[in-house]
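Structural features, examined
These are the residues of each chain, in order.
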Amino acid sequence: MEYFVQQLINGLTLGSIYGLIAIGYTMVYGIIGMINFAHGDIFMIGAFISLAVFLILTSVLGFAFLPVVLLIVLIVSMLFTSAWGWTVERLAYRPLRGSFRLAPLITAIGMSIVLQNFVQITQGARVKPLPPQIQGGVTLMQGSTEQGTILVQLSYMQMIIILTTLILMTGFTLLITRTSLGRAQRACEQDRKMAALLGVNVDRTISLTFVMGAALAAVAGLMFLLLYGVIDFYIGFLAGVKAFTAAVLGGIGSLPGAMLGGLLIGLIEVFWSGYFTVEYKDVAAFSILAIVLIFLPSGLLGQPEVEKV
Amino acid sequence: MAGAKTNVPAASNRPAGAQRAAERGRQAPNIVAAPKKNKLKDSLRDAATAAMLVAVLGLFFIGVRTDIAPGGLDLKMRWTAWIVSILVVFGGRLALNMFVFQAHTPATQTLGQKIGQLGAAAPGLGKWLMRALFAFAVVLPFFFTTFFPGKDRQFIDLAILIMTYIMLGWGLNIVVGLAGLLDLGYVAFYAVGAYSFALLAQHFEFIGFWVALPLAGMLAALWGIILGFPVLRLRGDYLAIVTLAFGEIIRIVLLNWYQFTGGPDGISGIPKPTFFGLELKRGEGGFADFFGIEYAPIQRFIFLYYIIFFLALLTNFVTMRLRRLPIGRAWEALREDEIACRSLGINTRNTKLTAFAIGAMFGGFAGSFFATRQGFISPESFTFLESAIILAIVVLGGLGSQIGVVIAAVVMIGGIEMLRNLGFLSQVFGPGFDPVQYRMLIFGMAMVLIMVWKPRGLVSTREPTAVLKEKKRIDADMVAQGEGH
């Protein structure tokens, strides 16, 4: 029981990260109907920017008060990663708008290769370890088994991750439902041509969608860095595929769906490695992706696609 | 360039005149466009924007580098590199603006038109070019041994590599180009082929390359059906993602099933191919001994080259033949319109499965060739990147175009490998400069640039299989790309 609760907490933490990345996929798919293959690498870029800013603040400028440092890292990383997201859209996707569907998929894969190799060349291929910054936690439960006592711990780190995700999600939902930008986005999602006729700047809206997705991916990158303490140039691929799975599981195009899907994927991965095997945890994620797409293509909260002849 | 292109409807079933109208529409703005007055000012502003963007993007990547140091991570500032990169982008963008983008007629467009005119002026030219290319491929090993005796091994090895990708590209072209099924996990079949041969050779003494080749092909085809069956209902991007997932599952299983596949250690000691039972080795009983010629290590490379050349030609031949059979026409009908296809009574399930199976079979052949060439395989060689490269070759060359695959494979693989010969650059950029590490970066950039320049691939015409009266090439825009609607 204690083990189960502990895994549940771990799963929710991991799921929050996946959920934040998944939002980027789901928004882009909703608005232009393509898989932004480079989004996982944008997440990786965010993690690297967070690491650089964190090191500059702590070791070069000598800031010591951790909450302020992390807040600055968060904001700077979101800003700079957004610039990356915007550039990727501008270079690789905008020139191909209205072209046939395979072309942006190929440029997206090309962009993903470019980003990975750019980071590998400029930052080196070796992993970057960062010692744990936030330690300690609250003990929720205590139980004993044959092996000894088991503590159920909710670390401060996990609390911060889950809380930040909650705050961001609330703010984000408000942005989509209440502001004119959100309205423009939903309009473009439904009918791009009609939205353009009614005076919505479609190109700008799409760019902003990429920027928002990248900003959330940057938050996920910072959390990943703090939670695992190790990043390298290749983390984007797996995290990207899993987050995409989350987006599909929740129903692509649906924001609450992306978050729900992220949490589910996080839980499944953690329970799979906790109760079955660690080696095949990625197989679990990939199998779920295949199963969901085959049997439940519209996801849990998505709307079924109507096939028109 | 986006403005002119977006007007072209993506639908493939346009009336005959629409094509010409679209062509005219595309050229029209070019004729009336007046030269810009503030060319210099605009160019400068644009270049400054680009430079600023690079400054922002590069700040934490080019300007700062984190390295592992005793007691944590170490920060290194590289402001010179950062400033140089900004200046290079500013200068490059300015030059491009002045001479290419804002010139009266953009250089890329004139080039495209010239190539088009050349093709129209001499309709037989393409055919002759292809024949010349084929003749060159036949004599290639001897060309290199005669004219580049010092570097022949390296060049023939490169030719083998390119030929392997051509074969894989042709195999994938059946699935993606003809049947219109977007497969991002093609490397799975490559892996199945390689591992089938390696495992068969490991467990059974008598199995050599030539026995294992058909077995590997059959096993890969079987896997093509097994993996194809669940995805029959999917199309477009979703199909791509599920095939990607299958490819990764196979790789992870190969990586973790230690008792069976050797896990990350891979399998080594895979037998070399024999020439009708003759091994290509030194001394008694070898190929050279039997024919009474002097043994040279290069003979093995020449032999390998001819094997893959033969296999690639087989792939091409079978594809071209299948295209004329009912099954090939069913594939193309499926690509154009799945619903219409079903209404006409074509069994879409069998059509899709045969496409998957035959594509996978050629992937399996190529895989067992890869195993015998390397002598060692491990899951490392079958990552998603490999699938992406093969798909990129097919799409960049022009989906469904056989010669396009050849051009794309030569340009992408050959061009990238040529970087290894650019050692002299290290004298310019300092001893730490290694052009090889930029390989994949340049590959990715080339993928993006070629797609933006020519979204339909380098070869922009297709030859329809079914014709009325005369055979003629059509524009690639007229062909559907497996979007499923």
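Residues numbered from 1 in each chain as written. Chains lettered and ligands numbered in written order. Predicted model: local features only at pLDDT ≥ 70, side-chain atom pairs only at ≥ 80, totals over all residues.

**A look at the overall build of chain B**
As a reminder, the rule being used: Under the DSSP-based scheme used, a helix requires at least four consecutive residues in state H or I and a strand at least two consecutive residues in state E, with every element numbered from the N terminus. Here the C-beta atoms are placed from the backbone, and a residue counts as buried if at least 20 other C-beta atoms lie within 10 Å of its own, exposed if 12 or fewer do, and partly exposed otherwise.
In terms of regular secondary structure, chain B is built from 20 helices and six strands. Across the 485 residues in chain B, those meeting the buried criterion constitute 39%.

**Considerations on helix α3 (residues 39–58) of chain B**
Residue and element names in this part refer to chain B. Keep this limit in mind: An expected span of 1.5 Å times one less than the residue number is assigned to each helix. Arc definition: it is the arc formed by the directions from the helix axis to the C-beta atoms.
If you check α3, its first and last C-alpha atoms are 28 Å apart, about what 20 residues at 1.5 Å a residue would give, namely 28 Å. What α3 keeps buried is the set S43, A47, V54, L57 and G58. An end-on view of α3 places all buried positions within 85 degrees of arc, on one side of the element. Facing away from the buried surface of α3 by more than 90 degrees, the exposed residues are K41, R45 and T49.

**Things to note about the confidence of the model for chain B**
All names here are of chain B. Using the following cut-off: Per-residue confidence from the predictor is reported as pLDDT, which spans 0 to 100. Two residues qualify as being in contact provided that their C-beta atoms, derived from the backbone, are within 7 Å of each other.
In this model, chain B carries an average pLDDT of 81, and 84% of its residues clear a pLDDT of 70 or more. Summarising per-element confidence for chain B, the mean pLDDT is lowest in helix α1 (residues 2–6) (41) and highest in helix α16 (residues 348–374) (93). Every residue in residues 1–33 is under pLDDT 50, and counting partners more than four places away or in other chains gives 23 contacts. Both scores are given for the predicted complex: the pTM is 0.86, the ipTM 0.87.

**Quick look at the interface of chain A and chain B**
Across the contact, 59 residues belong to chain A and 54 residues belong to chain B. Counting only elements with at least two residues in the side of chain A that touches chain B, the list comes to α2 (39–60), α3 (66–93), α4 (102–123) and α11 (281–295) of chain A. Per-element accounting of the side of chain A that touches chain B gives the leading share, 16 residues, to α4(A).

**Things to note about the packing of α2(A) against α3(A)**
All names here are of chain A. The cut-off we apply is this: Interaxial angle, 0 to 180 degrees, is taken between N-to-C directions of lines fitted to C-alpha atoms, where a helix line uses only the stretch in contact. The handedness criterion is simple: a crossing whose near helix is rotated anticlockwise from the far helix by less than a right angle is left-handed, and one whose near helix is rotated clockwise is right-handed. Nonpolar residues are Ala, Val, Leu, Ile, Met, Phe, Trp, Tyr, Cys and Pro. Charged residues are Asp, Glu, Lys and Arg, and all others, Gly as well, are polar.
Remark: α2 packs on α3, axes separated minimally by 8 Å, with the N-to-C direction vectors making an angle of 140 degrees. Taken as a pair, α2 and α3 cross one another with a handedness that is right-handed. Together, I42, I45, G46, I49, S50, V53, F54, L57 and T58 of α2 and V69, I72, V73, V76, S77, F80, T81, W84, G85 and V88 of α3 make up the contact between the two elements. Here the contact of α2 with α3 is built from residues that sort into 13 nonpolar, six polar and no charged.

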